[in-house]
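Structural characterization, general
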Amino acid sequence: MNILKRIRHYSEVQPERIAIQSGQEKLTYRELEQYSSRLAAYIERHYKNNRSAVAVYGHKDPYMLVCFLALVKSGRGYCPIDVSVPGERVDMILKCLDSEVCMALEPLDGTDKTLLSLEHIKVLVQTETEEIGEEHALKGDEVYYMIFTSGSTGVPKGVMITRDNLEHYLDWSVTLGTDEQHKQGRVFLNQAPFSFDLSVMDLYTCLACGGTLWTLDKETQQDYKLLYASLEQSGITVFVSTPSFAEVCMSDPVFCAQTLPNLQLFLFCGETLTNQTAKKLRKRFPEAVIVNTYGPTESTVAVTEVIVDDRMAEEVSPLPVGRAKPGTRFEIQDEDGKVLPDGEKGEIHILGNTVSAGYYKNPEGTEKAFYRTERDGQAVRGYHTGDEGYLLEGMLFYCGRMDLQIKLHGYRIEIEDIENNIVKLDGVRQAVVIPNIRKGTVKSLTAYVVTENPDLDLKEALGAYLPAYMIPKKFVLLDQIPMTNNGKADRKRLGG
Ligand code: AMP
């Protein structure tokens, strides 16, 4: 699909429809199209000689979207940076980018780049007389966006996603869970900051379907009253989030079909969707479709899909992460690169048309993680995920990070195996297990648990499911598992 063409089409057929709303701030399709075309003309005129990707710094502001599209229309990629990214990391990213300019929609200092502030941009889009449509836009093989993910070395890695990557992904994401027709003009929830690739799932799928993106800012997400008020006001139809965020929402019974009658579809990605979460959601929203998807930033948001119905939520444990989207295939490989047969665990390799071009200015990292190969006589790009999993007749099952596998007293243990068993216990909502490491060796395990049943002896109850060596030494009850800015369980803050 040509995403720019689609947006222009909606700006013609439904110009006054809200494209994006964040609190009181909103932009219609007409404004989005016009403002981004004007800003594109300004950028092209002033920074003609530099076509490198440009950072867009801010938090959920509708004008971030104007900047993204303006840059793409002017033939430049963009790099979203959320205000929650720590200052040092922002510096590192800005230094890495070769652009002269940075769109700073929130105050930003300590950089030698020319800053375009929100106020300035708002004036520009009203006063600029030229417009650039698609004639200068990025080509298919050029970098559309770049998202920096954490690197094991401590230096963030800029994952380059081309326009072709994104548009292949969108061809499929508009069909996720319901057909494209059902998504036309709906309200999509945006939970993740734009610097996290889960946001691409809601933002661009929404725009591709002429819908309204309803963003929840950080403040709203952290205050239950504000959160539920915003959800009720939104009229959301498509809920896109991590499973952890859905758990946060479910901590109040108000999060149910009676209060959110339009909610038809849940799209999950980014971490394990447990049977417990799926079952609870099915009870609260019996008519809604729940879709589990899986994928790293390096393969453009997600590459699998499975609908979790009542039967699956009850009977299939752990839940699968789904079947490959069109244009993608999986191989489960052992350490020597041998492709393993169905049912055997190994590293998940993703091959296909949404695999990233690599890491920005990082040939070594790119070479290590990505490769070119041939399958069925066709050249294809592959990516080593570092995730462990297995296939059963095309259905992919995820078993955890290869690096969350530990040895304790000589026993091989999957941390997520323990967590999945703890959440099976009566009343338990969430669990995170952290290995206690001394001098490089795992000495014991601590489980952090959110439960509605604090009187249950977790150690004893867990004995029914796990061998003694897998039972954590210590259990700590929490009101809430701390989350990263991206909405995943924050293992670091728990000492992991
Ligand atoms: P990110 O690049 O931040 O999206 O993180 C990608 C990693 O998140 C993957 O390599 C997996 O380890 C994990 N992940 C993504 N989707 C799922 C899922 N549906 N279930 C379990 N883990 C997932």
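Residues numbered from 1 in each chain as written. Predicted model: local features only at pLDDT ≥ 70, side-chain atom pairs only at ≥ 80, totals over all residues. Heavy atoms only, no water.

**A short note on the packing of aromatic side chains**
Counted according to the given criterion, the structure contains 19 aromatic pairs. Judged by centre distance (5.2 Å) and plane angle (55°), the rings of Phe 239 and Phe 266 are tilted. One end of the pair, Phe 239, is in strand S11 (residues 238–241); the other, Phe 266, is in strand S12 (residues 265–268), with 27 residues separating them in the sequence. In this pair, the class of Phe 239 matches that of Phe 266, namely buried. A ring pair is formed by Phe 370 and Tyr 383, whose centres lie 4.9 Å apart and whose planes are at 35°; its orientation type is tilted. In this pair, Phe 370 is assigned in strand S19 (residues 370–375) and Tyr 383 in strand S20 (residues 378–392), connecting sequence segments 13 residues apart. Since its relative accessible area comes to 6%, Phe 370 is described here as buried. With a relative accessible area of 6%, Tyr 383 lands in the buried category. Taken together, the ring pairs connect Phe 68, Tyr 78, Tyr 144, Tyr 145, Phe 194 and Tyr 204 into an aromatic cluster. (Phe/Tyr/Trp six-rings, centres within 6.5 Å; stacked < 30°, edge-to-face > 60°. Helix = DSSP H or I, 4+ residues; strand = E, 2+ residues; numbered from the N terminus. Buried < 20%, exposed > 50% of the residue type's maximum accessible area, 1.4 Å probe, protein only.)

**Some details on the nonpolar core**
Here is a general trend for soluble globular proteins: nonpolar side chains tend to be buried in one another's company. Leu 39, Met 103, Tyr 144, Met 201 and Tyr 204 are the most contacted members of the largest nonpolar core, which totals 89 residues. No other element matches the 10 residues that helix H3 (residues 62–73) contributes to this core. Not counting residues within four places of it along the chain, the set of residues in contact with Tyr 204 comprises Ile 3, Phe 68, Leu 69, Tyr 78, Tyr 144, Leu 166, Leu 170 and Ser 199. By size, the runner-up hydrophobic cluster in this structure holds 33 residues, among which are Ala 246, Phe 255, Leu 260 and Phe 397. (Core = buried A, V, L, I, M, F, W, Y, C linked by side-chain atoms within 4.5 Å. Contact = heavy atoms within 4.5 Å.)

**What about the sheet that holds strand S25 (residues 441–451)?**
If you trace the three strands from one edge of the open sheet to the other, you get S24-S25-S26, paired in mixed fashion. Looking at the sheet topology across the chains shown, the edges are occupied by strand S24 (428–438) and strand S26 (474–477). Across the sheet, the mean angle separating the axes of adjacent strands is 25° when strand polarity is ignored. Relative to S25, S24 is paired through 10 bridges, and the arrangement is antiparallel. Looking at the pairing, Asn 436 lines up with Ser 444 of S25. Each of S24, S25 and S26 touches helix H15 (residues 415–422); the most contacted strand, S24, lies at about 150° to it. (Pairing = 2+ DSSP bridges. Axes fitted to C-alpha atoms, helices over the stretch in contact; angles between N-to-C directions.)

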